[in-house]
Amino acid sequence: MPSADELLGPSSAEALARAIGTAAPGSPLPSLQAAGDGIQGLALRERADLLRDALLADIPGGYPDLARVVRAAAGSEEFTGWLIWPVTSAVAAKAVEAGQAADAAAFEDALALLAELTPRLTSEFAVRVLLRHDLDRALSVISAWTDSPDEHVRRLASEGTRPYLPWSIRVPEILARPGSTIDLLDALYRDESGYVRRSVANHLNDLSRDHPELVTSTARRWLEDPAPHTAALVRHALRTLIKRGNTEALGLLGFAPAAVEISGPALDSTTVPFDGSVRFTASIRNTGAETARLAVDYIVHHSKANGTQTAKTFKLTTATLEPGQSLTLERGHSFRPITTRRYYPGPHAITLQVNGVPSQRAEFELLPSTAPASATEPVPAS
């Protein structure tokens with residue numbers, strides 16, 4: 001992934017200052033001019049917040065004043081890319097400030113302005129400020145975005161309302177009212193744009209963390225009235241439930257409960273070096289009288305610092321076995337240190353999961369690292 005400097009660095013701050021300066025001639029913009037020097041060393045979201053606050057400080061007045069400058073700046077060729085994030089955040093912040101003064105027009109115009117800006121990067125982070133302020137009023141406007149001719153605006157309807165949108169603030173009322181966004185997804189799951197459909201799948205997958213029944217019932221409705229891409233969308237949307245072994249989700253994808261005999265997993269060693277790997281083999285036999293379609297995953301039960309274990313599921317394969325037919329599997333799993341996961345020495349285990357049903361556990365010990373502690377620490381993001 002590009003660094004924070006590449007996405008929202010000093011050059012972006014300078015470009016934003018130029019675009020705003022052209023839109024508001026005569027304004028000295030001291031905060032924006034200084035922001036480029038203060039942005040170094042900050043995380044990406046902190047940079048966006050710094051530029052947002054600088055923009056709010058340099059454009060006095062109420063929401064209409066800021067909106068007028070932003071729309072004028074949209075004529076600049078530089079007014080695009082990651083610098084749009086702090087601009088949309090400033091628009092949302094000023095609209096909520098106006099909304100607290102009972103200015104409903106500012107709230108709705110801010111939503112319209114976010115829709116205008118979203119093709120230049122995305123307004124998905126900023127729209128959540130308005131959702132938090134008045135969910136029902138925001139959703140009544142956002143619902144119309146599902147008919148927009150612009151795929152970026154249609155995607156914003158789904159992406160901006162996701163329960164667990166990465167890098168964003170939470171919207172507690174969406175989490176408390178999980179069905180509140182289903183109408184948006186119903187309007188978009190058949191969308192012609194893959195960009196939009198991916199967002200719909202990710203949104204439904206977010207909901208599956210807390211409300212699996214809502215997700216499976218929604219997916220079932222869509223599969224009953226599918227478009228050409230609906231099956232693929234549903235597979236992506238159900239990925240978390242499949243890893244959890246949810247039988248309803250598995251059944252929707254054609255993996256019904258099956259009569260199988262699982263042998264293994266058998267490990268090549270019961271001790272594994274800290275930066276080494278463990279290999280396992282297993283076999284699955286269809287003992288039933290019907291053809292069995294199988295989704296096979298494996299689960300690594302990692303030891304935690306406090307001595308408990310946490311499970312992580314990995315895809316292994318899918319297979320179709322005729323009665324009496326067997327499948328032999330072999331896989332290696334690495335414990336080489338990586339920045340996104342920290343390993344702790346101690347007892348670990350591997351199990352298979354076949355159509356949501358776990359096998360017996362195969363236990364092993366992950367040995368302590370012999371390298372200096374700093375050599376295995378995650379590398380901080382730049």
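Residues numbered from 1 in each chain as written. Predicted model: local features only at pLDDT ≥ 70, side-chain atom pairs only at ≥ 80, totals over all residues. Heavy atoms only, no water.

**A closer look at the environment of Ile-169**
Then step 1. In this structure, Ile-169 sits in the loop between α10 (151–159) and α11 (172–176).
Then step 2. On the basis of relative accessible area, Ile-169 is assigned to the partly exposed category, the value being 25%.
Then step 3. Residues Ile-169 and Ala-126, 43 residues apart in the sequence, show an inter-C-alpha distance of 9.2 Å.
Then step 4. Discounting chain neighbours no more than four positions away, the residues touching Ile-169 are Arg-45, Arg-128, Val-129 and Arg-132. (Helix = DSSP H or I, 4+ residues; strand = E, 2+ residues; numbered from the N terminus. Buried < 20%, exposed > 50% of the residue type's maximum accessible area, 1.4 Å probe, protein only. Contact = heavy atoms within 4.5 Å.)

**A closer look at the nonpolar core**
Then step 1. Of all hydrophobic cores here, the largest spans 86 residues; its most connected members are Ile-20, Phe-79 and Trp-145.
Then step 2. With nine residues, helix α6 (residues 84–99) is the largest single contributor of residues to this core.
Then step 3. Those residues in contact with Phe-79 that lie beyond four places of it in its chain are Leu-16, Ala-19, Ile-20, Val-70, Ala-73, Ala-74, Ile-84, Val-87, Leu-117 and Arg-120.
Then step 4. Counting residues in hydrophobic clusters, the runner-up holds 24 residues, among them Phe-274, Ala-292, Phe-314 and Phe-364. (Core = buried A, V, L, I, M, F, W, Y, C linked by side-chain atoms within 4.5 Å.)

**Some points on the environment of Arg-285**
Then step 1. One can find Arg-285 in strand β3 (residues 277–286).
Then step 2. Residues Arg-285 and Ile-262, spaced 23 residues apart in sequence, show a C-alpha to C-alpha distance of 6.6 Å.

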